[in-house]
Structures are given as structure tokens and as C-alpha cells.
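Each chain is listed here by its residues.
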Amino acid sequence: MKNSSMWSKPFYYVLVFVVATISLYPIFLMFLSSFKTSAEIFKNPLGLPTHFSLDTYRTLLSKVPFDQYFINSVIVSVTSVVLVVLFCSLAAYYIARFKFSWNNAIFFIFLLGMMIPIKLGIVPLFILMRDLGLINSLWSLIFMNIATGTPLTVLILTGFFKTMPIELEEAARMDGAGNLRVLWSVLLPLMRPALGTVVIVNFISSWNDFFFPLIFITEKAKMTIPVGMLSLFGEHSADWGSLFAGLTLASLPMMILFFVASKQFMEGLTAGAVK
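Residues numbered from 1 in each chain as written. Predicted model: local features only at pLDDT ≥ 70, side-chain atom pairs only at ≥ 80, totals over all residues. Heavy atoms only, no water.

Chemist: Describe the overall build of the protein chain, naming the residues involved and giving the relevant values.
Modeler: Helices and strands together make up the secondary structure of the protein chain, namely 13 helices and zero strands. Going residue by residue from the N terminus, the α and β elements of the protein chain occur as α-α-α-α-α-α-α-α-α-α-α-α-α. Each of the three principal axes of the protein chain carries a C-alpha extent, and together these read 70 × 70 × 35 Å. Of all intrachain contacts in the protein chain linking residues separated by at least 6 positions in sequence, the fraction that spans at least 24 positions is 72%. Element-wise, carbon and sulfur atoms account for 72% of the exposed surface of the protein chain, whose accessible area totals about 16400 Å². Distance from the positive charge centre (18 side chains) to the negative charge centre (13 side chains) of the protein chain: 8 Å. (Helix = DSSP H or I, 4+ residues; strand = E, 2+ residues; numbered from the N terminus. Contact = heavy atoms within 4.5 Å. Areas by Shrake-Rupley, 256 points an atom, 1.4 Å probe, with all protein chains shown as cover. Lys, Arg positive; Asp, Glu negative; His and termini not counted. Charge placed at Lys NZ, Arg CZ, Asp CG, Glu CD.)

Chemist: Any details on the packing of aromatic side chains? Residues and values, ideally.
Modeler: Tallied over the full model, the rule gives 14 aromatic pairs. Geometrically, the ring pair formed by Phe203 and Trp207 is stacked, given 5.6 Å between the ring centres and 20 degrees between the ring planes. With Phe203 and Trp207 both in helix H10 (residues 192-208), this residue pair falls four residues apart, about one helical turn. Each member of the pair, Phe203 as well as Trp207, carries the same accessibility label: buried. Three or more aromatic residues joined by ring pairs make a cluster, and in this case those are Phe66, Phe70, Phe203 and Trp207. The ring centre of Phe107 lies 5.6 Å from the NZ or CZ of Lys162, which sits over that ring. (Phe/Tyr/Trp six-rings, centres within 6.5 Å; stacked < 30°, edge-to-face > 60°. Buried < 20%, exposed > 50% of the residue type's maximum accessible area, 1.4 Å probe, protein only. Lys NZ or Arg CZ within 6 Å of the ring centre and 35° of its normal.)

Chemist: Tell me what's going on with the environment of Asn145, and back it up with residues and numbers.
Modeler: By the secondary structure assignment, Asn145 is in helix H7 (residues 138-163). Judged by its relative accessible area of 6%, Asn145 is buried. A sequence separation of 62 residues divides Asn145 from Trp207, and the C-alpha atoms of the two residues are 9.8 Å apart. The contacts of Asn145, once residues within four sequence positions are left out, are Val76, Ser80, Val84, Ser206 and Asp209.

Chemist: So what about a nonpolar patch on the surface? Which residues, and what values?
Modeler: Together, Phe108, Met114, Met115, Ile116, Leu152, Leu155 and Val201 make up a nonpolar patch on the protein surface, roughly 610 Å² of accessible area in all. At the level of secondary structure, the elements contributing two or more residues to the nonpolar patch comprise helix H5 (103-115) and H7. The dominant element in the nonpolar patch, judged by the number of residues it contributes, is H5, at three residues. Mapping Met115 onto the fold places it in helix H5. The exposed category is assigned to Met115, whose relative accessible area is 51%. (Patch = residues over 30% accessible without salt bridge, like charges linked within 9 Å, V, L, I, M, F, W, Y side chains within 5 Å. Salt bridge = Lys/Arg side-chain N within 4 Å of Asp/Glu carboxyl O.)

See the structure below:
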């Protein structure tokens, strides 16, 4: 048994190293390609650049208003995540803690959003946004991100609320706290794993969204990064070096967010497994 354990541990380390290498290599290759010209990318796609230069990044910033695209993406993603967490925490708290005959029906209505692809309703959604005057407005993207992120967020937060001891709320109410005070001061601070999970999932979904910005945004000044980068593709050619430079810059916020909240994210995925 001891010999088996002695040999299994190095095997697991090798397996983890191989999986990590396979997962991280595309990111590493994207970073290297951001220093190459288009010709060098096609000539030596997997090799190191002949010399490290920031010319592709300078070309990117001169060809497209990348800083404006970046700001638009930050506004849309951050606002969407804040509003999703705010609204869904209230909805999930109500469903999990207040017992009424329609609770299950409300919860099921939220879950319907995960069963029906929202892109099937793009025509009525476009008409709705047009009638509301939200075409070429970042609010159209924010509202769509809230709509698409709500079902999963409510599902995750409701499950976490149900695992919280009711005695914590009773003790807070004995001290005079109301429902909102209990939620804000007692429960949410204890739900960092769940909040970290929903923040990462919703931020990545909002940041990478290509479909809705392509439909609702036509003004160049209002575009987000995924749609704005299309201008690097010409009719017969593409500036691949600048494209990889833009992808590298666009991926930095997601990497930073994951490294900051990765612990809460992993705890959120595994919490409740033992229960």
C-alpha cells in the first residue's frame, strides 16, 4: 500500500502538469503571437518571435480606438455584474427564506431562462430596444447581460441561502435588524464563495459577449472589444499581429479577476458537496 501511494503521487503531479500545460499553452501562444507580424505568424506560428517589439501594440492603438472599446467593455461588464448580484441576491433571499405558496413557481420561472435560448427572441428584443430608444446605447447590453445572467445567479445564490443557518438571522432580528440589514450585514459576508462564483461567471460572459453588441451597437464609439476588433479584418487580409495584441490586452482583466477571486470561485463550485 505504501509503495502504491509512493508511485501515485508523482503520477498525479505529472498528470496535473500535463493538463496545466495543455490549458495554458494557447494563452502563452497568444502572448507570443502578439509580438509577431502577420507574415511571421504564418511562417513560424509555434516558435518564438525573432525579436520582441511593441510595434503590433502601437499599430493596434493607431488603427482602432482600443482604449474606448476597453472603457465601454469595462462599463458594461462591471455595471452588469453589480446589478445582477444586487437584484439576484434579493430574489434568491426571498425564495430561500420566505415561505409562500408561489415560491416554487417563481423559482421555476427563473430557471426557465436557462432552458430557453434568449437568442431565439432576437427580433422582438431588437424591436423592444428600438422602441425604448436603447439602440446604440450601452444600457441595451447591460439589460441583456442582466437577463442572461439572472437564471444561473438565482440558482446558485438560492442554494447557498438554503444552507445558511436560520439561527444567524434570528439572532440578528433579536438585536433589531430588519430583512435588508440581515441580508447585507449577516448573510452576504458569509457568502463570499457564492458571490465570487457569480461575479466571475457573469463578468466573463459580459466581457466576451459578441452577439448582442453586434446587433444593438452600430456606432463605433459605443462598441465593445469583441465587436471593435472586427475592424482589424479586411476584405482580403487581416492584421493578425495587432489582433493577437488586442486579444492579449482584452484577456488581462479576466486573468486578474480570476486570480483575485479564484479561491472563492473554487469554494463556490465545491461548497455543499459534502452536505
